Amino acid sequence: MEEMELVYKRPESLTPAHTHYCPGCTHGIIHRLIAEVLDELGVRERTIGIAPVGCSVLAYYYFNVDMAEAAHGRAPAMATGLKRVSPDKVVFTYQGDGDLAAIGTAEIIQAASRGELFTTIFVNNAVYGMTGGQMAPTTLPGQRTTSSPAGREVETAGWPIKVAELIAVLPGTAYVTRQAVLDIPTIRRAKKAIKLAFQTQLAGLGFSMVEIISTCPTNWHMDPKEALEWAKEHMLAYYPLGDTKVSDGVRALM
Amino acid sequence: MEEMELVYKRPESLTPAHTHYCPGCTHGIIHRLIAEVLDELGVRERTIGIAPVGCSVLAYYYFNVDMAEAAHGRAPAMATGLKRVSPDKVVFTYQGDGDLAAIGTAEIIQAASRGELFTTIFVNNAVYGMTGGQMAPTTLPGQRTTSSPAGREVETAGWPIKVAELIAVLPGTAYVTRQAVLDIPTIRRAKKAIKLAFQTQLAGLGFSMVEIISTCPTNWHMDPKEALEWAKEHMLAYYPLGDTKVSDGVRALM
Amino acid sequence: MQEEIIISGFGGQGALFAGQLLAYAAMDQGYHVTWIPSYGPEMRGGKARCTVVISDEEIGSPLVRRPSSAIVLNIPSMEAFEPAVKPGGVLVVNSSLVPQKSERDDIRVFYLPATDIATELGNVRLANVVCLGALVRATGILPLEAVKQALDKHLPERYRTLLALNNQALDRGAACVR
Amino acid sequence: MQEEIIISGFGGQGALFAGQLLAYAAMDQGYHVTWIPSYGPEMRGGKARCTVVISDEEIGSPLVRRPSSAIVLNIPSMEAFEPAVKPGGVLVVNSSLVPQKSERDDIRVFYLPATDIATELGNVRLANVVCLGALVRATGILPLEAVKQALDKHLPERYRTLLALNNQALDRGAACVR
Amino acid sequence: MAKGVVVIDEDRCKGCGLCVAFCPQQVLQLAEGRFNAKGYTPVTAANVEACTGCAACATICPDVVFTVYRQRRQAKAETPTV
Amino acid sequence: MAKGVVVIDEDRCKGCGLCVAFCPQQVLQLAEGRFNAKGYTPVTAANVEACTGCAACATICPDVVFTVYRQRRQAKAETPTV
Amino acid sequence: MAKELIEGNVAIAEAAIRAGLEAFYGYPITPQTEILEHLSWRMPQEGRVFLQAESEIASINMVYGAACAGVRVMTSSSSPGISLMQEGFSYIACSEVPAVVINVMRGGPGLGNVQPSQGDYFQAVKMAGHGDFHMIALAPASVQEAIDLVVLAFDLADRYRTIAMVVADGAIGQMMEPAELPPMRPVRRPEERPTWALTGAKGRKPNIITSLYLSAETLERVNLALQAKLRRIAAQETRWKEYRTEDAELLLVAFGTVGRICQTVVREARALGMRVGLLRPITLWPFPSTRLAALASRGRGILVVEMNAGQMVEDVRLAVEGCCPVQSYGRMGGVIPLPDEILPELKNM
Amino acid sequence: MAKELIEGNVAIAEAAIRAGLEAFYGYPITPQTEILEHLSWRMPQEGRVFLQAESEIASINMVYGAACAGVRVMTSSSSPGISLMQEGFSYIACSEVPAVVINVMRGGPGLGNVQPSQGDYFQAVKMAGHGDFHMIALAPASVQEAIDLVVLAFDLADRYRTIAMVVADGAIGQMMEPAELPPMRPVRRPEERPTWALTGAKGRKPNIITSLYLSAETLERVNLALQAKLRRIAAQETRWKEYRTEDAELLLVAFGTVGRICQTVVREARALGMRVGLLRPITLWPFPSTRLAALASRGRGILVVEMNAGQMVEDVRLAVEGCCPVQSYGRMGGVIPLPDEILPELKNM
Ligand SMILES: Cc1ncc(C[n+]2csc(CCOP(=O)(O)OP(=O)(O)O)c2C)c(N)n1
Ligand SMILES: Cc1ncc(C[n+]2csc(CCOP(=O)(O)OP(=O)(O)O)c2C)c(N)n1
Ligand code: SF4
Ligand code: SF4
Ligand code: SF4
Ligand code: SF4
Ligand code: SF4
Ligand code: SF4
Ligand SMILES: [Mg+2]
Ligand SMILES: [Mg+2]
């Protein structure tokens, strides 16, 4: 293949481990994007990740960086504690919607508000994946889950929380965006956003978060392709993609 | 005094108890306004209040209604549990800024997001009053407290949280407003807002919250009058007064 | 009398359902019975396995290390349970997916091309029921008829169209046991 | 030797400071000493009170129910501690604010118009130090000079301008004890 | 006769001075040298004739010390209001 | 010769079919009837000649199964990119 | 009602409904999520309150709120979630409102795993939060017993205005067994809510529910009353089961899943001619100390078997006070001790 | 360094700084807020990390995060706040990272009050969270001892990669006594952080810190290792103080503030000719059981005095196993038992 150039290879920031994710689960895509960004920024050896409780609980086996496993929802507190004593390190949390938008509400909001210098990758798949598909704070109105078997009723269960919009209100945030990994263009944009989020951290500009609209084929009871389409049609309608906060400093990086 | 008419008398919704508040503390004004509103709406006998942990922890001695004392920050969860099984009752929480905007962040945001049908009176005095004047999430930049003795540094402690703006982002909220009790006009407006908040609840329109800019003369080390003036000058500059969310249903009540 | 059965396979192979069916049948026959899955590590896919204990007295342990009989639906299950079956016990092997043979001479082993039989019957997911038919016949815990009645009584409404097929699967399995 | 002193008044009357001053003086004289406030119920205002124990051996309990001497700066303190002082003990009463008299004949009671004296000295908040002067003189726990030295050594920088006045207050208090 | 009358529940007063500062007619002052049951210098109506019954004092007072009456001018709703 | 080549790490594949759906040239298909070590039907490059090296497959694959090469056209940065 | 084959978690949920559960607040966690899932459709079906809370902290405080309103209310969780409820338990205990809590224990510490465990024994019986209090802790060993103890938990919680916790483990939660559900009791009507409850101060003085007592003397009085109540509960509500203890020289003590496993051990040991009996505490708190002491005085040794590092064994030792040797055998991390390993331990005594 | 008159809370804070504290995360709560307040200016002054967290849950998880980075880190709180940390403790214990926690106990249960108490003994020594673990619990009886035990806590936490909790009470926190602060130790330099710490996977494999072990067998192995470590700690780090036990017939057992009060009781009893001694546990866990058993075998009775309903008395009973009578005397709700009430109890024995 002398006349061939390498267009894609496995990033160094992933270990060789096979993931435990279900076939077609977008957690895998998001892992890869983060790893590519760490490679490109050349920060793998000084990156520390915090895994959540959720399907991605074993993320520490997959990222080729130092990692810790947080208690459910507390990754932002852990990242705060860690980053404050390791200001030269690149710190990120990886969190699901149950983890971040339910039990961990206080921790993410307060860390964002303080402008902690870490990056949060927030995987919104509208469901509690790991425990078998219960309603999440982000479950869509009418969506059936194992704990909203008649479909989410907003009168009793409330409206889904738009985290990117909520967090963006806080002055401590520098870069907040909602992206998706539902087809080639959204994946490409998601990667750019993840890169910008880490650059925001490296430049010390404030808290950065990328919310990523994802799928859970298993608990949505769909095949992976169908899940992507369902997400595009239904989730993007409620969760519009795009930046919700870009501070001046971040704009300068763009 | 036959030719005299009564212009002001102690509301029935207050007990005869003397409060433990410091001289000039605005908690007392806010208590009175709530009591007046309960009287005017004729709901005293079906009102249930939840007191916080904070200077107003003993509020249950002062309001002439059934009350419970919540764990620090958890009043909204308690109110949720209670209101759901007592839908015909009028339920309110009374919370300080440490209680609501620090330890209780998750509970208030989630209750608001679910559109729980209770009313929250949120007393923002920019400080932890009860424990002796530590920094609160709402402490102003540069403000000295016993835990920010050099003045709040936003680089490390973050920016103060504008709760009324944050909560207003959530679709479950029907009426969210920021008021003050710093002089006669602001007190009059605050009362109107409190009334509207309870009316919102009575009409079943969604979650209602009145943030009230208050003073803590003791921990601000000011005399009560000075404290009102300081609050007007400094707090209102950071925390603008006014409604941050008025749903259509609420507008119809106005 | 106490019979301890382990049924083991991949997720989706219906090991849990086969166990429940057996448990229902035993209950309806008046036996004490427990059914317990080895439930997942908060994690997708992987193995599915259950233990059924059937007894004429109150059941102590619902779990056993050494079953008196077992159904193994795939290779890892064969590896795990072939050595575990108690001497004198019964092992039913889905030979469609498990190529290896047992070397034990102190148990009775039945090799059924269960997945093939199920495919033949028109529904690959019936391999579990085929094996159950074999196990019930081989152990004689219950009359096969009891399992069929249990099917009739407990098969969820939405699967009732499959009733006849399930019965056939039981018979085909039982027929493999001579 | 072990002396247990309670100093009690309203918040703002300086009971805690007077106790600390005494504790410093005793420490500098080589005694074992403990100072413990009765700290507030997470609540504003109200009473301020401390217990100082001075001993020539290691101190067990830093708290006492029956002090060997006491300073009472206001009426509620008088009511609480007048009956509590041990027989043979000393009670110093701020008579400016406490109108009532002790009826005990087994203790020595000194009535000082401490608030008036302090006002005379130009600072009403020195009433506590006036009383301390009296207590030290009356009990003889320490030389008055030791308290003055402690003032000199431990008075916070920003209050140093008040040093002379504090010394005067001690003397005026001590002078009330004949 | 004054247009307004305030009744002061003296023992509730904490002497914070807010009513004194907010009374537009300078009716009120703290009773220097006197203490109430709580130990505070209570407020007193010094310049009673000037009172208009505007209830500003009652509005600002954190301790609900005041009851306020005003000369009836016209038929008005009975509900006390701040 | 094909413009692109994909190398498939077959044992990583979970047979989810996403790459098959997203390959613009219909190069890929699941190897029906075959199972990999994990027990899944793995993907295989059926129509290799059509591959353009566009890396869409690598972009969508959640399991990093693909390494992608493309015919060199001009000097380009070495950094692999998606 | 006939027996049906029913899963432990579902049985617990359904038993609660039959016992008059008016409101459930909970958060998913394996291995008890089926309780929440079952109630998510059954409660609305019965016109009652189901709410998935944002966390276990919110759950227990919602329970606290509803309990203040005088309704039958419950939450359920598993070990890490129970740890998060400790502050709430302490408040509820001091406020003396009734609440039922289910803990389907899993392997710990930390995130651990989701396998069955009894690692939270100490937490349940010694101190489920700061300050001095106990909650009634009921340990079922079968699906039927889980049903019965859930119903009992509601009754005891109401009777003593206390928390009653059903301490199960993953095996009980996930197991199916034939069991009979109790008949449906009517839910309390609004006007039947207790007089202390927060129902609006109409025609009476306001009711106050608090755990704050600023003066030490008052708080001590509150504590003394609480302790007296605990002694009353201990005197009246201690429960246990015995199996072949008539002539036992060796005594097994075990609870929950391990308790039933030890029943098998007793049978096997008896078959070998050993005089072995079993005491299975039903109430972990109050602990059947008196009965245990009596049995111990007749025996020559006790083996305590647990799915933890040895926790209940302390209560056994406290009960027997050295009057016979007490051994401990524990498995951890989700490993269930089986008869074939317990029997040799017994033989070694 | 000369002695100075110093408040317990301030002494604890300053001792931590001297011991090389690199980061403090905490939340205000009486009666320990002075620790946080002192550190709020002293830590920045020393160029170290101080952060007021949004809650105790955040505090303990920030501590967890910083501990993972291999620095000396601490939080402090009081009873209700400590209850909120239970999940965090369990995670930290299983992950085996070192952390220091201060609990300045107050009256409970619930919100209770802010007066001194020892109501969290069980919580500290039996189970500070779900699953099987213990933390080292150190109980100071004076300001000087508080200083010394804070320093020791850091050393033990590091040595055993465990949580070390200093269990004080409001009296210790609020009291002033002459005490000597230790010299300032340098803080660990970044390159001195332990090899297991998360410092970036540069030139080595990634370090992972977790408490998740999916298979029961693995988690059991982790637990067995943990238990072995706990036994090692028990063997090597049990500490206590004795006072006039040489010839004691009657033994007082008490810790912390009550421990020193009982020293007065011993003096007074001796003055009356009673042969009384005192054993004061310094480590509540590991508990000085062996020594206590030895003393008990020579005596005719033990009186355990606590500021709770009787918690440590269980450990005393477990230690002496009935070999002499054990009485319990407790005051609750913030009431401190004083010599004049303890002495009569002693006389009644
Ligand atoms: C304190 C606590 N509560 C609950 C759980 C159970 N639990 C594990 S993962 C999870 C939710 C995961 O959902 P999400 O965060 O959306 O991640 P996903 O699996 O969907 O990626 C829950 C509730 C737990 N482990 N700890
Ligand atoms: C779990 C817990 N943490 C901390 C405390 C201590 N505490 C009591 S009140 C309070 C803060 C009160 O401040 P705020 O809510 O602003 O009310 P304010 O007193 O200013 O009205 C704190 C931290 C507590 N009681 N419980
Ligand atoms: S359960 Fe859903 S989120 Fe979890 S691995 Fe499977 S598909 Fe992905
Ligand atoms: S401390 Fe502040 S908030 Fe609390 S009562 Fe006093 S003035 Fe009011
Ligand atoms: S009613 Fe108006 S005028 Fe009269 S005292 Fe009050 S504030 Fe002054
Ligand atoms: S405002 Fe009220 S409390 Fe303050 S001085 Fe006036 S009457 Fe007294
Ligand atoms: S590189 Fe492009 S054309 Fe080639 S297989 Fe992949 S998606 Fe298809
Ligand atoms: S996308 Fe990846 S895992 Fe899915 S089928 Fe294609 S190669 Fe296999
Ligand atoms: Mg999710
Ligand atoms: Mg405040």
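Keep in mind that this is a model prediction, so the values were computed, not measured.

1. Notes on the nonpolar core
Across soluble globular proteins, you tend to see nonpolar side chains buried next to one another.
Phase 1 of the analysis: Counting residues in each nonpolar core, the largest one holds 486 residues, and the members touching the most others are F66 of chain E, F66 of chain F, F89, L252 and I302 of chain G together with F89 and L252 of chain H.
Phase 2 of the analysis: If sequence neighbours within four positions are ignored, F66 of chain F has contacts with Y8 of chain A together with V6, V7, I8, C19, L28, V43, C57, A58 and C61 of chain F.

2. Details of the pattern of salt bridges
Phase 1 of the analysis: Evaluation of the coordinates by the stated rule reveals 106 salt bridges over all chains.
Phase 2 of the analysis: We note a salt bridge from D152 of chain C to R160 of chain C, for which the minimum N-O separation is 2.7 Å.
Phase 3 of the analysis: For E57 of chain D, the salt bridge identified is with R267 of chain H, shortest N-O distance 3.6 Å. Within this pair, whereas E57 of chain D is found in the loop between β3 (47-55) and β4 (69-72), its partner R267 of chain H is found in helix α10 (residues 256-271), the two belonging to separate chains.
Phase 4 of the analysis: Classification of E57 of chain D by relative accessible area gives partly exposed; the value is 42%.
Phase 5 of the analysis: R267 of chain H sits in the buried class, given a relative accessible area of 17%.
Phase 6 of the analysis: What emerges from the salt-bridge pattern is a single network uniting R32, E36, E40, K191 and K195 of chain A.

3. Here we look at the coordination of the magnesium ion (ligand 9)
Residue and element names in this part refer to chain A.
Phase 1 of the analysis: The coordination sphere of the magnesium ion (ligand 9) contains the protein donors D97 (OD), N125 (OD1) and V127 (O), at a distance range of 2.0 to 2.2 Å.
Phase 2 of the analysis: Expressed as a motif, the donor residue spacing for the magnesium ion (ligand 9) is D-x27-N-x1-V. Here D97, found in helix α4 (residues 97-103), pairs with V127, found in strand β6 (residues 127-128); they are 30 residues apart in sequence, far enough to count as distant. Like V127, D97 is buried.

4. Some details on the domain arrangement of chain G
Residue and element names in this part refer to chain G.
Phase 1 of the analysis: Looking at the assigned domains, one finds that chain G contains domain 1 (4-192) and domain 2 (240-348).
Phase 2 of the analysis: One C-alpha centre belongs to domain 1, the other to domain 2, and the line joining them spans 27 Å.
Phase 3 of the analysis: Contact with domain 1, which involves 30 residues of that partner, is made by 26 residues of domain 2.
Phase 4 of the analysis: Interface area, domain 1 with domain 2, both sides summed: about 2200 Å², of which 55% is carbon and sulfur.
Phase 5 of the analysis: One can count four salt bridges joining domain 1 with domain 2.
Phase 6 of the analysis: The closest approach of N and O atoms between D315 and K126, which form a salt bridge, is 2.6 Å.

5. Some remarks on the site of ligand 6
Phase 1 of the analysis: Taken together, C13, K14, G15, C16, G17, C19, V43, C61, P62, D63, V65 and F66 of chain E make up all the residues around ligand 6.
Phase 2 of the analysis: When its residues are assigned to classes, the shell around ligand 6 shows eight nonpolar, two polar and two charged.

6. Focus on the coordination of the magnesium ion (ligand 10)
Where a metal carries four tetrahedral donors, each ideal angle is 109.5 degrees; where it carries six octahedral donors, the ideal angles are 90 or 180 degrees.
Phase 1 of the analysis: Within the protein, the magnesium ion (ligand 10) binds to D97 of chain B (OD), N125 of chain B (OD1) and V127 of chain B (O); these donor distances fall in the range 2.0 to 2.2 Å.
Phase 2 of the analysis: Look at N125 of chain B and you get buried, because its relative accessible area is 6%.

7. Quick word on the site of ligand 2
Phase 1 of the analysis: Taken together, 24 residues surround ligand 2, and among them C55, D97, D99 and G129 of chain B together with E56 of chain H come closest.
Phase 2 of the analysis: The environment around ligand 2 is built from residues contributed by chains B, D, G and H.
Phase 3 of the analysis: Within the side chain of N125 of chain B, a nitrogen or oxygen atom sits 3.1 Å from an oxygen atom of ligand 2.
Phase 4 of the analysis: At 2.8 Å, a backbone N or O of G129 of chain B approaches an oxygen atom of ligand 2.
Phase 5 of the analysis: Taking 590 Å² as the accessible area of ligand 2 by itself, protein coverage stands at 100%.
Phase 6 of the analysis: Broken down by secondary-structure element, the contributors of at least two residues to the shell around ligand 2 are α4 (97-103) and β6 (127-128) of chain B.
Phase 7 of the analysis: Of the residues forming the shell around ligand 2, the biggest block, four residues, is contributed by α4 of chain B.
Phase 8 of the analysis: Broken down by class, the residue content of the shell around ligand 2 amounts to 11 nonpolar, eight polar and five charged.

8. Focus: the interface of chain G and chain H
Phase 1 of the analysis: With 56 residues of chain G at the interface, the matching set in chain H holds 56 residues.
Phase 2 of the analysis: Applying the counting rule to chain G against chain H returns four salt bridges.
Phase 3 of the analysis: As a salt-bridge pair, R331 of chain H and E220 of chain G come within 2.7 Å of each other at their nearest N and O atoms.
Phase 4 of the analysis: On the surface where chain G and chain H come into contact, there are 28 residue pairs in polar contact (both at pLDDT 80 or more).
Phase 5 of the analysis: For the side of chain G that touches chain H, the secondary structure elements donating two or more residues are α4 (79-83), α5 (86-95), α6 (121-125), α9 (216-237) and α12 (312-320) of chain G.
Phase 6 of the analysis: No other element matches α9 of chain G, which puts eight residues into the side of chain G that touches chain H.
Phase 7 of the analysis: Residue classes in the side of chain G that touches chain H are distributed as 21 nonpolar, 24 polar and 11 charged.

9. Section: the packing of helix α5 (residues 144-154) of chain D against helix α6 (residues 163-175) of chain D
Residues and elements named next belong to chain D.
Phase 1 of the analysis: Where α5 contacts α6, the two axes come as close as 10 Å, and the packing angle between them is 160°. Taken together, α5 and α6 sit at an angle that is classed as roughly antiparallel. In terms of crossing hand, the pair formed by α5 and α6 is right-handed. Along its contact with α5, which presents L144, V147, K148, L151 and D152, the element α6 presents L163, N166, N167, L170, D171 and A174.
Phase 2 of the analysis: Looking at side-chain class alone, the contact of α5 with α6 contains six nonpolar, two polar and three charged residues.

10. Here we look at the relation of the copies chain B and chain A
For the pair of chain copies, the relating operation is a rotation around an axis with a shift along it.
Phase 1 of the analysis: Placing chain B over chain A gives an RMSD of 0.0 Å and needs a rotation angle of 180°, together with 0.0 Å of translation along the axis. Both copies are brought into coincidence by an operation consistent with a two-fold rotation axis. Scanning chain B for the C-alpha nearest the rotation axis identifies A106 of chain B, at a separation of 2.3 Å.
Phase 2 of the analysis: A share of 100% of interface residues in chain B that are also interface residues in chain A marks the association as one of identical surfaces.

11. Re the sheet that holds strand β10 (residues 242-246) of chain B
Phase 1 of the analysis: Pairing is mixed in the open sheet, where eight strands are placed in the order β10(B)-β8(B)-β9(B)-β5(B)-β4(B)-β2(B)-β3(B)-β9(G). Strands with a single pairing partner mark the edges of an open sheet, and in this sheet they are β10 of chain B together with β9 (208-209) of chain G.
Phase 2 of the analysis: For strand β8 (residues 173-180) of chain B and β10 of chain B, the ladder comprises four bridges, and the chain directions are antiparallel. Across the sheet, the residue bridging to T177 of chain B is D243 of chain B, located in β10 of chain B.

Definitions and cut-offs
Residues numbered from 1 in each chain as written. Chains lettered and ligands numbered in written order. Predicted model: local features only at pLDDT ≥ 70, side-chain atom pairs only at ≥ 80, totals over all residues. Heavy atoms only, no water. Core = buried A, V, L, I, M, F, W, Y, C linked by side-chain atoms within 4.5 Å. Buried < 20%, exposed > 50% of the residue type's maximum accessible area, 1.4 Å probe, protein only. Contact = heavy atoms within 4.5 Å. Salt bridge = Lys/Arg side-chain N within 4 Å of Asp/Glu carboxyl O. Helix = DSSP H or I, 4+ residues; strand = E, 2+ residues; numbered from the N terminus. Donors = N, O, S within 2.8 Å, 3.2 Å for Na, K, Ca; no water. Domains from an automatic or database assignment. Buried area = accessible area lost by both parts, 1.4 Å probe. Near = heavy atom within 4 Å. Nonpolar A, V, L, I, M, F, W, Y, C, P; charged D, E, K, R; others polar. Polar contact = N/O pair within 3.5 Å; in protein donor to acceptor, adjacent residues only side chain to side chain. Areas by Shrake-Rupley, 256 points an atom, 1.4 Å probe, with all protein chains shown as cover. Axes fitted to C-alpha atoms, helices over the stretch in contact; angles between N-to-C directions. Parallel < 35°, antiparallel > 145°, perpendicular 65-115°, else oblique. Left-handed = near helix turned anticlockwise from the far one by under 90°. Least-squares fit on C-alpha atoms with pLDDT ≥ 70 in both. Pairing = 2+ DSSP bridges.

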